[in-house]
Amino acid sequence: MAAKPLHGLRRRLVGGRFGPVVASWVAEQGRAHGWCDVEVVDLADVEIPLSLPAVSPKVAGDSYPRPEAMAPLTSRLAHADAFILVTPEYNHSYPASLKAAIDWHFTQRTAKPVAFVSYGGAAGGRHAVLHLENVLTELHAVTIRDGLAFPNYSTAWQDGQPPGPEAPGHAKTLLDQLAWWAAALSTARDASPYPV
């Protein structure tokens, strides 16, 4: 799913969500970097139940009973070599939709790198990222240290762009590290199955 660029405060308020603005900018940075194909998945477009099956996805493996409507998301996650999670911060953590998507997909990020882009108030979403790092470590994902955090996003971003000229440079650092880890972990997964 490709995100449509959203520009300016008026569009952001009309749409009611800021995540697509950040995701669109991050996707542009990824495409400009050029090391991979970028695909944006908006969880607002996916029906994700909050109730999970009784069986553990770790035990069930490929036979884990996911809803049929979730199959495209599952396939995208399984075939990706790396991930960038764009998240807001709500009450010092990340939203329930992201937690549900992670919980429904226990093995799709195993031995794959995950980078973070967050936005929020004064902390820029950093509390949400700290929680996500703990969860993804449990799933045997490799979290990238250098993420992007955008504080006071509601007043700082203008016309779909983050404040200051340094943001693209920070994005390049994140993407360089993500590309390195993606290549290293892909080679390792090809050489031998990850031990779980």
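Provided above is the structure to which this section pertains.
A. The packing of aromatic side chains, seen in detail. Under the definition given, this model contains nine aromatic pairs. Ring centres 6.1 Å apart and planes at 85° place the aromatic pair W25 and W157 in the edge-to-face group. Within this pair, whereas W25 is found in helix α2 (residues 19-33), its partner W157 is found in the loop between α7 (153-156) and α8 (167-191), the two being separated by 132 residues in sequence. Among the residues examined, W25 registers a relative accessible area of 2% and is labelled buried. Overall, W157 belongs to the buried group, its relative accessible area being 3%. An angle of 80° between the planes, with centres 5.0 Å apart, marks the rings of Y119 and Y153 as edge-to-face. Taken together, the positions of Y119 in strand β2 (residues 113-119) and Y153 in helix α7 put the pair 34 residues apart, joining distant regions of the chain. The partly exposed category is assigned to Y153, whose relative accessible area is 25%. Joined through ring pairs, the aromatic side chains of F18, W25, Y119, F150, Y153 and W157 make up one cluster. One Lys or Arg, R109, reaches over the ring of F83 and ends 5.5 Å from the middle of that ring.

B. Region of the structure containing the nonpolar core. Counting residues in hydrophobic clusters, the biggest one holds 25 residues, and the most contacted among them are I48, L85, V114, F116, L132 and L136. Among the secondary structure elements, those contributing two or more residues to this core are α4 (71-79), β1 (83-88), α5 (96-104), β2 and α6 (126-138). Apart from residues lying up to four places away in sequence, L136 is in contact with L85, R109, V114, F116, A141 and T143. By size, the runner-up hydrophobic cluster in this structure holds 19 residues, among which are I144, L148, A167 and A171.

C. Spotlight on the packing of α2 against α8. Axis separation between α2 and α8 bottoms out at 10 Å; the angle between their running directions is 65°. Like other packed secondary-structure pairs, α2 and α8 cross with a definite hand, here right-handed. Across from W25, Q29, G30 and H33 in α2, the residues of α8 making contact are A167, P168, A171, K172, L175 and D176. Of the residues contributing to the contact of α2 with α8, the split by class is five nonpolar, three polar and two charged.

D. Structural context of the layout of surface pockets. Roughly 230 Å³ of internal volume is contained in the second largest pocket. Along the walls of the second largest pocket sit D146, G147, L148, A149, F150, P151, P163, E166, A167, H170, T173 and L174, which together make up its complete lining. Listing elements by their share of the lining of the second largest pocket, those giving two or more residues are β4 (148-150) and α8. Of the residues contributing to the lining of the second largest pocket, the split by class is seven nonpolar, three polar and two charged.

E. View of the pairing of β2. For β2, a buried count of seven out of seven residues is recorded, marking the element as mostly surrounded by other parts of the structure. Every second residue of β2 is oriented toward a common face, with P113, A115, V117 and Y119 on one face and V114, F116 and S118 on the other, all of them buried. The pairing of β1 with β2 spans six bridges and is classified as parallel. Note that in β2 the partner of P88 across the bridge is Y119. Following the backbone out of β1, through α5 and into the adjacent parallel β2, one traces a crossover that is right-handed.

How each quantity is defined
- Residues numbered from 1 in each chain as written.
- Predicted model: local features only at pLDDT ≥ 70, side-chain atom pairs only at ≥ 80, totals over all residues.
- Heavy atoms only, no water.
- Phe/Tyr/Trp six-rings, centres within 6.5 Å; stacked < 30°, edge-to-face > 60°.
- Helix = DSSP H or I, 4+ residues; strand = E, 2+ residues; numbered from the N terminus.
- Buried < 20%, exposed > 50% of the residue type's maximum accessible area, 1.4 Å probe, protein only.
- Lys NZ or Arg CZ within 6 Å of the ring centre and 35° of its normal.
- Core = buried A, V, L, I, M, F, W, Y, C linked by side-chain atoms within 4.5 Å.
- Contact = heavy atoms within 4.5 Å.
- Axes fitted to C-alpha atoms, helices over the stretch in contact; angles between N-to-C directions.
- Left-handed = near helix turned anticlockwise from the far one by under 90°.
- Nonpolar A, V, L, I, M, F, W, Y, C, P; charged D, E, K, R; others polar.
- 1 Å grid on protein atoms, 1.4 Å probe; cavity = no way out; pocket = protein on both sides within 12 Å on 5 of 7 lines; lining within 4 Å.
- Points joined across faces, edges and corners; volume = space filled by probe spheres on them.
- Pairing = 2+ DSSP bridges.
- Right-handed = clockwise from strand over helix to strand, strands pointing away.

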